[in-house]
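Breakdown of the fold
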Amino acid sequence: QVQLVESGGGLVQPGGSLRLSCAASGISFSFYTMGWYRQAPGKQRELVATITSASSTNYADSVKGRFTISRDNAKNTVYLQMNSLKPEDTAVYYCNADRGPPLRYWGQGTQVTVSS
């Protein structure tokens with residue numbers, strides 16, 4: 001059974017930092033492209049960042065220079081370091097594991113709220 005379990009969300013003030021973690025089980029983690037997506041109220045889910053099995057990264061323009069995605073294959077975990085957070089970063093953040101259809105899985109999401 002595949003599980004992606006996110007953690008690390010919460011309430012933070014503008015300009016603050018958070019680190020999200022996603023622990024995967026039930027998949028050959030090192031072969032998967034891992035990603036973080038987010039969905040704000042009333043908006044579509046959008047890509048935040050991805051990291052391939054070769055550790056090549058890709059970021060949404062809105063988070064470039066502020067967020068960093070990384071992975072630890074020994075721990076089957078992907079991270080998202082979020083710095084200089086803005087109110088518009090408020091959303092539910094979802095972890096994704098992708099090796100091409102039908103091998104695509106989602107976590108349950110973790111809430112990130114940026115507010116003073």
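Look above for the structure.
These figures come from a predicted structure and were not determined experimentally.

The rules behind each value
Residues numbered from 1 in each chain as written. Predicted model: local features only at pLDDT ≥ 70, side-chain atom pairs only at ≥ 80, totals over all residues. Heavy atoms only, no water. Buried < 20%, exposed > 50% of the residue type's maximum accessible area, 1.4 Å probe, protein only. Helix = DSSP H or I, 4+ residues; strand = E, 2+ residues; numbered from the N terminus. Pairing = 2+ DSSP bridges. Polar contact = N/O pair within 3.5 Å; in protein donor to acceptor, adjacent residues only side chain to side chain. Contact = heavy atoms within 4.5 Å. Axes fitted to C-alpha atoms, helices over the stretch in contact; angles between N-to-C directions. Salt bridge = Lys/Arg side-chain N within 4 Å of Asp/Glu carboxyl O.

Remarks on the pairing of strand S8 (residues 77-82)
- Buried residues dominate S8, accounting for five of its six residues.
- As judged from the six bridges shared by strand S3 (residues 18-25) and S8, these two strands associate in the antiparallel manner. From the neighbouring strand, arginine 19 faces S8, where its bridge partner is glutamine 81.
- The pairing of strand S7 (residues 67-72) with S8 spans six bridges and is antiparallel. What sits directly across from threonine 68, in S8, is glutamine 81.
- Between S7 and S8, which pair antiparallel one after the other, the connecting turn spans four residues, and asparagine 76 there sits at a positive phi close to 50°.

Observations regarding the side chain of arginine 38
- Structurally, arginine 38 is set in strand S4 (residues 33-39).
- Within polar-contact distance, the side chain of arginine 38 engages the side chain of aspartate 89 at 3.0 Å.
- Polar contacts involving the side chain of arginine 38 include one to the side chain of tyrosine 93, which spans 2.9 Å.
- In this structure, arginine 38 is in contact with Gln44, Arg45, Glu46, Val48, Ser62, Val63, Phe67, Glu88, Asp89, Ala91, Val92 and Tyr93, ignoring residues within four places of it in sequence.

So, the environment of threonine 68
- Along the chain, threonine 68 turns up in strand S7.
- For threonine 68, a relative accessible area of 42% puts it in the partly exposed group.
- In this structure the C-alpha to C-alpha distance between threonine 68 and alanine 97, which are 29 residues apart in sequence, comes to 17 Å.
- Residues within four places of threonine 68 in sequence aside, it is in contact with Tyr59, Tyr79, Leu80 and Gln81.

Focus: the sheet that holds S7
- One open sheet holds the four strands; their spatial order is S1-S3-S8-S7, and the pairing between them is antiparallel. Looking at which strands have only one partner, the edges of the open sheet turn out to be strand S1 (3-7) and S7. Mean inter-strand twist for the sheet, computed between neighbouring axes without regard to direction, equals 15°.

Remarks on the pattern of salt bridges
- Within the structure shown, the criterion is met by five salt bridges.
- We note a salt bridge from arginine 66 to aspartate 89, for which the minimum N-O separation is 2.8 Å. In this pair, arginine 66 is assigned in the loop between strand S6 (57-59) and S7 and aspartate 89 in the loop between S8 and strand S9 (91-98), connecting sequence segments 23 residues apart. Grouping residues by exposure puts arginine 66 and aspartate 89 together as buried.
- In this structure, a network of salt bridges that share partners links the residues Arg38, Glu46, Arg66 and Asp89.

These figures come from the coordinates and say nothing about function on their own.
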